[in-house]
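Residues per chain are reported as follows:
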Amino acid sequence: MSLTSQEIATQPQCWESALALLPDVAAALPAKGEHVAVIGCGTSLFMAQAYAHLREEAGHGPTDAFPASAARLHRRYDRIIALTRSGTTTEILTALAAADPAARVTTITAVPGSPAARVAHDVIALAEADERSVVQTRYPTTQLILLLAHLGHSVEQARADVVTALGAPLDPELLGAEQITFLGEGWHAGLAHEAALKVREAAAHWTESYLVPEYRHGPIAVAGPGRAVWSLSPLPEELAERIEATGAHLRRPGLDPLAELVLAQRVAVRLAEDAGRDPDSPAHLSRSVVLA
């Protein structure tokens, strides 16, 4: 079994550890009403987008999600949250160095002694969720479930459905599809982008991702026989019928969106293995992007 598969399988335990940690770290997370910026790269950016959308939707205050390479941290923020597994990513460190010094910085990382942790006012270390695989799976979902729970968002369905996601047979239509498009709406959109990234990273497979309403505006042209559309959010029936009319295989969400992401992680690993690729160390990728 690959390291990635082993790490995917431990997500229920990692989630429980993070939820148990929440009372001890709640003060390091944004208070209701604070103006917040969340930065990340790659997978961490998509987790930032999901959290930012839900925080605003829940009425906790203005929340902007930025790729660290394009962060506008000179603006007035009460708190900046840096999401970074390794804590060594160059763009994260550069963004934090340019931030308004009046903002309080919280770094959420798997490595408590990392450079990004050392420049923060507060650090939340999720070391138990760290990974040996280059491809992130359990760390980002553990990070996000901590953030969702802090907002008061119920994570009970996710905790129940992840067990199903880890044990369910993989859909042969998805495994045989030459192309997969992931869809999501609201805070699920970040998860759809992450699901597509997982399949691209692990298997070098052709994937795309879009907001549900945007899919009508051009991207549906890619759908067709031998391809698949996987939505992490409920679809309007009119759109579902249009997708099915293309001949593409349509997967509607049957689980909590976080659990759907876990299922997509498993599909990514299987596609990589079927293609003879190493899901733990994909070509041209590294654990952290450190620029000279």
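Keep in mind the model is a prediction, meaning the values are calculated, not measured.

Asker: Please clarify how the environment of L271 should be interpreted in this entry.
Answerer: Turning to its location among the elements, L271 is positioned in helix α11 (residues 257-274). Among the residues examined, L271 registers a relative accessible area of 7% and is labelled buried. Residues L271 and R104, 167 residues apart in the sequence, show an inter-C-alpha distance of 42 Å. When residues no more than four places from it in sequence are discounted, the contact partners of L271 are L174, L175, I180, V199, A203 and H205.

Asker: Help me understand the pairing of strand β7 (residues 206-211) in this model?
Answerer: The side chains of a regular strand alternate, first on one face of the sheet and then on the other. Across six bridges, the pairing between strand β6 (residues 179-184) and β7 is parallel. Across the sheet, the residue bridging to G184 is L211, located in β7. For the segment spanning β6, helix α9 (residues 188-203) and β7, crossover handedness is right-handed.

Asker: Before we go on, may I ask you to explain helix α2 (residues 11-25) in this structure?
Answerer: Residues lying three or four places apart along an α-helix face the same way, a consequence of the helix completing one turn every 3.6 residues. For α2, built from 15 residues, the straight-helix expectation of 21 Å at 1.5 Å per residue is met to within 8% by its first-to-last C-alpha distance of 20 Å. Taken together, the buried positions of α2 are Q11, C14, W15, A18, L19, L22 and V25. Buried positions along α2 lie against α1 (3-9), β5 (122-125), α6 (138-150), α7 (156-167) and α11.

Asker: Hey, could you run me through the packing of α2 against α7 in this one?
Answerer: Two measures define how a pair of helices packs: the angle their axes make with one another and the distance between the axes. Running from N to C, α2 and α7 point in directions that differ by 165 degrees, and their axes come no closer than 10 Å. By the angle class used here, α2 and α7 are roughly antiparallel. Between α2 and α7 lies a crossing of right-handed hand. Residues P12, W15, E16 and L19 of α2 form the contact with α7, whose own contacting residues are A158, R159, V162 and L166. For the contact of α2 with α7, the residue count by class is six nonpolar, no polar and two charged.

Asker: Explain the pattern of salt bridges to me, please; I cannot follow it from the model alone.
Answerer: Between side chains of opposite charge, a pair can form as their charged atoms come close. In this structure the tally under the stated criterion is 16 salt bridges. When the shortest N-O distance is used, the salt bridge between D78 and R76 registers 3.9 Å. Here D130 makes a salt bridge to R287, at a shortest N to O gap of 3.0 Å. Taken together, the residues D130 in the loop between β5 and α6 and R287 in the segment after α11 connect sequence positions 157 residues apart. One connected set of salt bridges, linked through shared partners, spans E34, R79, R104 and D122.

Asker: Help me out: how do you make sense of the side chain of T107 in this one?
Answerer: For T107, the location among the structural elements is in strand β4 (residues 104-109). Only 2.9 Å separates the side chain of T107 from the backbone oxygen of A116, close enough to count as a polar contact. Setting aside residues no more than four positions away along its own chain, T107 makes contact with A82, T84, L96, A116, A117, A120, D122, V123 and I124.

Asker: It is not clear to me how the sheet that holds β4 should be interpreted in this structure. Could you clarify?
Answerer: The strands making up a sheet associate through backbone hydrogen bonding, with each pair oriented either parallel or antiparallel. With respect to topology, five strands assemble into an open sheet ordered β2-β1-β3-β4-β5, the strand pairing being parallel. What marks the edges here is a single partner per strand, and that holds for β2 (63-67) and β5. Averaged over neighbouring strand pairs, the angle between their axes works out to 20 degrees when direction is ignored. With four bridges joining them, strand β1 (residues 36-40) and strand β3 (residues 79-83) adopt parallel strand pairing. Looking at the pairing, V36 lines up with R79 of β3. α6 contacts β3, β4 and β5 of the sheet and is inclined by roughly 135 degrees relative to β4.

Rules of the game
- Residues numbered from 1 in each chain as written.
- Predicted model: local features only at pLDDT ≥ 70, side-chain atom pairs only at ≥ 80, totals over all residues.
- Heavy atoms only, no water.
- Helix = DSSP H or I, 4+ residues; strand = E, 2+ residues; numbered from the N terminus.
- Buried < 20%, exposed > 50% of the residue type's maximum accessible area, 1.4 Å probe, protein only.
- Contact = heavy atoms within 4.5 Å.
- Pairing = 2+ DSSP bridges.
- Right-handed = clockwise from strand over helix to strand, strands pointing away.
- Expected span 1.5 Å × (residues − 1).
- Axes fitted to C-alpha atoms, helices over the stretch in contact; angles between N-to-C directions.
- Parallel < 35°, antiparallel > 145°, perpendicular 65-115°, else oblique.
- Left-handed = near helix turned anticlockwise from the far one by under 90°.
- Nonpolar A, V, L, I, M, F, W, Y, C, P; charged D, E, K, R; others polar.
- Salt bridge = Lys/Arg side-chain N within 4 Å of Asp/Glu carboxyl O.
- Polar contact = N/O pair within 3.5 Å; in protein donor to acceptor, adjacent residues only side chain to side chain.

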